[in-house]
Amino acid sequence: MAAILIVCLIGIPWMGAVLVWLAGDRRPALQHTLAVASSVLTAGVSLYLVFLNQSQPAVTIPMGSAFGDFTFTPDGLGVFLAAVAAVVGSLAVIYSVDYMRGAAQVGRYYAMVLFFIGAMIGLVLTSNLLLMFFFWEITALTSYSLISFYNDDPKAVAGGLKALIITQLGGLGMLAGALVIYSQLGTYDLNVFLANHAQMDPLWLKIAAFGFLAAAAAKSSQFPFHTWLPDAMEAPSPISALIHAATMVNAGVYLLARFFPAFEGVPGWRTAVIVVGAVSALIAAVMALFANDLKRVLAYSTVSQLGYMVYAVGAGGIFASQLHLMSHSVFKALLFLAAGTVIHAVGTRDLRQMGGLGRQMPLTQVVFILGALSLAGIPVMNGFWSKELILEAGLEHAPFWSYLVMTFTAGLTALYTFRVVWLVFFGEPRSHLHAHDATAFMRVSLVALAFGTFTTWLLAGPFARLLATTLPFHHFEFETTWEVVFEVLTAPATLVALAVIALGLLAWWRRERLLSLQKRLAFLQPVAEGAFGFDLLNQIIVALTHALASGLRVTQTGDLSWNIFAIVTALAVILAILAVGV
Amino acid sequence: MNANTALLVLFALPLLASPVIYLVGRITVKVTRDHTAKWPARGLTVVVLLAALATLVSAAQSFFINGPFELHLNQIALRLDGVSLLMSFVAIVLGLVVALFSSRYMAGEENEEKFYALLAALVGALIGMSCAVDLFNLWVWFEAMSITSVMLVAFYKNQAAALEASIKYLVQSAVGSVFILFGISLVYAFTGALNLSAIQANLSQPSPLLMVAASLFVIGFGVKAALVPLHTWLPDAHSQAPSGISAMLSGIVIEAALLALLRTLSSLTDASVSPGAILLTFGALNILVGNLMALRQTQVKRLLAYSSVAHMGYILLGFGFSLAYGNLNGAQGAFFHILNHAAMKGLAFLSVGAVMYVLLIANHNHRALELQDLNGLSQRYPLLAFTLSLAVLALGGMPPLAGFMSKWQIFVAGAQASSPAVLTLVIFAGLNSVLSLGYYAPLVNRMYRRQPAEVIAAGKPLTFSLALSLVLLSLPVVILGFWPSLATPLTEPAARALLAVFGL
């Protein structure tokens, strides 16, 4: 039964993608219907699969030596993330019916979205390293194609290309890791690897561990690969919500959590994970504070929140990281969709031109504030519980400096979140923008997600049990939601964090007093806007590659004599090499 | 049909058909007094290649049951083993699709029947070369392949660029041929044998002369296999040839030359010539130079030509890993990549050819296709935009397309060497794969722009035979990406046969 469901979970969206594409752009109504039908069906199947979880592979297709057995295992982590991808995916597609209405090439849009949903589900359900890399790359491909969906806009094309190249560069780490594991253990099965990782030579295990970390950092847009996600905001807003907030960018965290039992013993690995998470969380929060583009603020905030999850894995809090992943998927998807509604209504992303929009779009205002409260970690929103668990794990199992950084960042998060809410919905209108509130299909998605922001934490207990029973190599301490609640409420970290968050809020209400401080910090603004120098670094690498490529054109002289000269020289070199005997 | 007869027919059919195709073409023109009435020549080519494919299937049945077999015709011996099966298969199938494609693409060209005659001869030469078991025959087939391909590159004889390309190709090939011939004479002088296994048997001790012979072979065949820095003819030849021929040249001709080199070197293994390191070095060079050069091209076919240089590098790496470390995956991955590359690059060149046809050739314009001509292609030609995207993304190694799987298998072989240096080489190759997306991906973006280029508005409709050939080549590109083990029955015997002659 589980086998059939898994095949359906990947097959339905992919078939849907083909059908939408075949339907053709002359029949947009049919395209919308097909896309919604297949994504909703997928979501339903994915929820059913949650109850059929097991730790043994449900699907096994032998592929021969170099490719291993293509296996799919519906264990707790897999079914959970598959459900997140499918459910948020279906909400994003429903939202798109209004958002993309009348846009050109809707077929390509839906085909890619559905292709992505299937690939994301495959990525989390497979237990074969080759297939994991396979789906990993498909998600990168679809992400690239959707970021540059508006191909006539050079910024969109550049953003898509940047995302593709950077995630692929990191992906090489995963490629190397998977190859090393296969060459050492003769298997691609990740559960066999988790069971037998001790048999691997420490050097090769280390290469695999750090390779996977690089891949995860690139995918989750973590330091030092944090430059691509903000530029990915050229994508249509539902894509930002689905791919660049709720699902694909979580793949990095998933990868680290999945392989934590094998890599936690590698010297320096956990510290490296903690550093990557903490640095990303901090610098992205600073960048969010200075950004004036609504979607970029949310993108920086995503990098920052993913930093929390990565940090949690480094601190050993696998459950905390996955719970925050769930909370974040819900509230960030909500924020992006609400932001999309705003942008759709007013036609600009510039915060400086908004203001006072709350009166014109009350529903959007309410759901955006709910998402913001959750992002800021205000009780009893879902973001509160998971963030507190992360901070608590950090306090107990990570270096103390890192705990301080993360707590400080929690304050920054509250500050930039309320800055955005204020600039968009409150105050006096700063330009003559005429807005209309969310339309029917948008409302469905917004309300569903808004409901999730204060309810999903109630699932913490069942979720913990699900993970504990199907992941034999991980360790989880919680059993029920009450235990989680009790743990959070009694931890000292909670009070500290709430105090810092309150300070962050206070800083916004007292912002006039802070003006002098802001002026003194003004030097940070250009640095933050340039992703702390890493954008420049990216540009330098691209420029160098192009310079090298141009320089190399000298070798193609078009002159036959030089060509023959090259042949004769090569002969001499080969002769010399063979003569000295290599 | 018994196996020996099948092999004889397989090898004789395209060669004998070649002049017949030409004559049929001429006679039709005489009889109908219509210069464009070439359909009998076109049809005959397709029929001949279909018959060749059927014969190959029948020979392959015997091969899969009884293993490799030889056919002796006096002094000439032909051997059907895993390698020749795979190479002949690719040559015939690609030739068939190209013939189908060209029936529209080349329609109305001056001397169209010569094109088909040469195409059949090229396929025949490729089959012969992949089946040859002695040095002299190998060289003869190699020359036959060179001559037919040079004439095909020069097919547009009224265009200066095509003539320049073919002359470069001819001169450099000739230099290579001289080297090979010199190498053969050295080997014969030393061992008194030409048969590859006899040479191996007669070798008793290493000799400097044999090393000289080996280097001559590497460079001689290397010119045709486009090893960097011997590749300088390739961008011109592959971009100036008619698009179907570009597909043949990139898809099978350069690979066949590499296989000829490997077969030749295999006879010298006891002369302490280890080709593994040489292949790996050339592989790394090819990948780097091919990708960097492609990055700055503005002509679509030139870009694809440089991409072939890069892909030759992956194939070299695969064989290099196998020969240096004795694992099967490298050679198997390389053969898999040969198979996939024929499909991917064939699809890329034919898609570009179809674009050239509908935009330029059908409007009697023979200029080269520039990247900017592709802007907004999908608006009017969704199928062309789709197949070209499919082809270049597969070439860039994106799943779920075929190129991903064969590159993976090659990389697995590198990892199995269990050496950090070799893993670095694998990462280097992977890095270059990412780099290649730097020119493939913008090409895809172009095609999906909403503002079409002016030339697209004036384009002619896409015809059925063009579309059919593209769809035929798209199938393996997608299917092998999902189901790589479908290729194993072809790639595994090929890899085993190659390793066996190297004594690994």
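In case you missed it, the structure is sitting above this.
Criteria and thresholds
Residues numbered from 1 in each chain as written. Chains lettered and ligands numbered in written order. Predicted model: local features only at pLDDT ≥ 70, side-chain atom pairs only at ≥ 80, totals over all residues. Heavy atoms only, no water. Helix = DSSP H or I, 4+ residues; strand = E, 2+ residues; numbered from the N terminus. Rg over C-alpha atoms; globule rule 2.2 N^0.38 Å. Buried < 20%, exposed > 50% of the residue type's maximum accessible area, 1.4 Å probe, protein only. Contact = heavy atoms within 4.5 Å. Areas by Shrake-Rupley, 256 points an atom, 1.4 Å probe, with all protein chains shown as cover. Lys, Arg positive; Asp, Glu negative; His and termini not counted. Charge placed at Lys NZ, Arg CZ, Asp CG, Glu CD. Salt bridge = Lys/Arg side-chain N within 4 Å of Asp/Glu carboxyl O. Buried area = accessible area lost by both parts, 1.4 Å probe. Nonpolar A, V, L, I, M, F, W, Y, C, P; charged D, E, K, R; others polar. Patch = residues over 30% accessible without salt bridge, like charges linked within 9 Å, V, L, I, M, F, W, Y side chains within 5 Å. Pairing = 2+ DSSP bridges. Axes fitted to C-alpha atoms, helices over the stretch in contact; angles between N-to-C directions. Parallel < 35°, antiparallel > 145°, perpendicular 65-115°, else oblique. Left-handed = near helix turned anticlockwise from the far one by under 90°. Polar contact = N/O pair within 3.5 Å; in protein donor to acceptor, adjacent residues only side chain to side chain.

Trainee: Can you break down the overall build of chain B residue by residue, with the values?
Mentor: Counting its secondary structure elements, chain B contains 20 helices and two strands. A compact globule built from 504 residues should have a C-alpha radius of gyration of about 23 Å, and chain B, at 22 Å, falls within 12% of that. Projected onto its principal axes, the C-alpha positions of chain B cover 70 × 60 × 45 Å. The buried share among the 504 residues of chain B stands at 68%. Within chain B, counting contacts between residues at least 6 apart in sequence, those at least 24 apart form 80% of the total. Summing over all exposed atoms, chain B offers an accessible surface of approximately 15,400 Å²; the carbon and sulfur share of this is 66%. In chain B, 24 side chains carry a positive charge and 17 a negative one; their mean positions are 8 Å apart.

Trainee: Any details on the pattern of salt bridges? Residues and values, ideally.
Mentor: According to the stated counting rule, one finds 21 salt bridges over all chains in the structure shown. Here Arg449 of chain B and Asp152 of chain A are joined by a salt bridge, their closest N and O atoms 3.9 Å apart. One end of the pair, Arg449 of chain B, is in the loop between helix H17 (420-447) and helix H18 (454-457); the other, Asp152 of chain A, is in the loop between helix H5 (129-147) and helix H6 (154-185), on a second chain. Overall, Arg449 of chain B belongs to the partly exposed group, its relative accessible area being 26%. Taking relative accessible area as the criterion, Asp152 of chain A reaches 29% and is therefore assigned partly exposed. Put simply, Lys162 of chain A and Asp535 of chain A hold a salt bridge, and the shortest N to O gap is 2.7 Å. Taken together, the residues span a long stretch of sequence, with Lys162 of chain A in helix H6 and Asp535 of chain A in helix H24 (residues 534-552) at a distance of 373 residues. Because the salt bridges share partners, they merge into one network encompassing Lys155, Glu234, Asp293 and Arg349 of chain A.

Trainee: Can you explain unusual backbone geometry? Please cite residues and give values.
Mentor: Between Phe223 of chain A and the following residue, Pro224 of chain A, the backbone shows a cis peptide bond with an omega angle of 0 degrees. Note that Pro224 of chain A resides in the loop between helix H8 (202-219) and helix H9 (228-231). In this model, Pro379 of chain A is joined to Val380 of chain A through a cis peptide bond whose omega is -5 degrees. Along the chain, the position of Val380 of chain A falls in the loop between helix H15 (362-376) and helix H16 (382-397). Although it is not a glycine, Ala226 of chain B adopts a positive phi angle of roughly 60 degrees. The phi torsion at His364 of chain B lies on the positive side, around 60 degrees, for a residue other than glycine. Here His364 of chain B lies in the loop between helix H13 (328-359) and helix H14 (377-380). Since its relative accessible area comes to 74%, His364 of chain B is described here as exposed.

Trainee: Account for the interface of chain B and chain A, with residues named and values stated.
Mentor: Facing the 73 residues of chain B at the interface are 62 residues of chain A. With both chains or domains summed, chain B and chain A bury close to 6,000 Å², and 76% of this area falls on carbon and sulfur atoms. The interface formed by chain B and chain A contains one salt bridge. The dominant element in the side of chain B that touches chain A, judged by the number of residues it contributes, is H17 of chain B, at 14 residues. Counted by class, the side of chain B that touches chain A contains 49 nonpolar, 18 polar and six charged residues.

Trainee: Describe in detail the environment of Ala58 of chain A, supporting the description with residues and values.
Mentor: Residue and element names in this part refer to chain A. Within the secondary structure layout, Ala58 lies in the loop between helix H2 (28-50) and strand S1 (59-62). For Ala58, a relative accessible area of 24% corresponds to the partly exposed category. Taking the C-alpha atoms as reference points, Ala58 and Leu81, separated by 23 residues in sequence, lie 17 Å from one another. In contact with Ala58, other than residues within four places in its own chain, are Ala2, Ala3, Ile6, Phe72, Thr73 and Pro74.

Trainee: Quick one: what's the story with the side chain of Arg263 of chain B, residue by residue and with numbers?
Mentor: Checked against the element boundaries, Arg263 of chain B lands in helix H10 (residues 243-266). Leave out the neighbours within four places in its chain, and Arg263 of chain B touches Asp81, Val83, Ser84, Ser130, Ala132 and Leu196 of chain B.

Trainee: Summarise a nonpolar patch on the surface; cite the residues concerned and give the values.
Mentor: All names here are of chain B. On the surface, a cluster of nonpolar side chains totalling about 830 Å² of accessible area is made up of Phe464, Leu468, Val471, Leu472, Leu475, Ile479, Phe482, Trp483 and Leu486. As for its position among the elements, Leu486 is in the loop between helix H19 (464-482) and helix H20 (488-501). In this structure Leu486 comes out as partly exposed when scored by relative accessible area, which is 42%.

Trainee: Run through the pairing of strand S2 (residues 76-80) of chain B, naming residues and quoting values.
Mentor: Residues and elements named next belong to chain B. Where strand S1 (residues 69-73) lies against S2, five bridges are found, and the strand directions are antiparallel. Paired with Leu73 across the bridge in S2 is Ile76. Between S1 and S2, which pair antiparallel in sequence order, lie two residues; one of them, Asn74, sits at a positive phi of approximately 55 degrees.

Trainee: How would you summarise the packing of H5 of chain A against helix H16 (residues 402-416) of chain B if you had to cite specific residues and measurements?
Mentor: Between H5 of chain A and H16 of chain B, the least distance of the axes is 12 Å, while the angle of their chain directions is 140 degrees. As the angle between them shows, H5 of chain A and H16 of chain B are arranged oblique. Relative to H16 of chain B, the crossing made by H5 of chain A is right-handed. Residues Leu130, Phe133, Phe134 and Glu137 of chain A of H5 of chain A pack against Phe404, Met405 and Trp408 of chain B of H16 of chain B.

Trainee: Would you mind going over the environment of Ser469 of chain B in detail, with residue names and values included?
Mentor: All names here are of chain B. Locating Ser469 in the fold gives a position in helix H19. Along the chain, Ser469 and Trp139 lie 330 residues apart, while their C-alpha atoms are 32 Å from each other. With residues up to four places along the chain from it excluded, the contact list for Ser469 reads Val97, Leu100 and Phe101. Within the structure, the side chain of Ser469 is placed 2.8 Å from the backbone oxygen of Leu466, a separation counted as a polar contact.

Trainee: Residues and numbers for the environment of Leu216 of chain B, please.
Mentor: Structurally, Leu216 of chain B is set in helix H8 (residues 208-225). With relative accessibility at 5%, the residue Leu216 of chain B sits in the buried group. In this view, Leu216 of chain B contacts Leu571 of chain A together with Phe179, Phe182, Gly183 and Leu186 of chain B; residues no more than four positions away in its chain are not counted.

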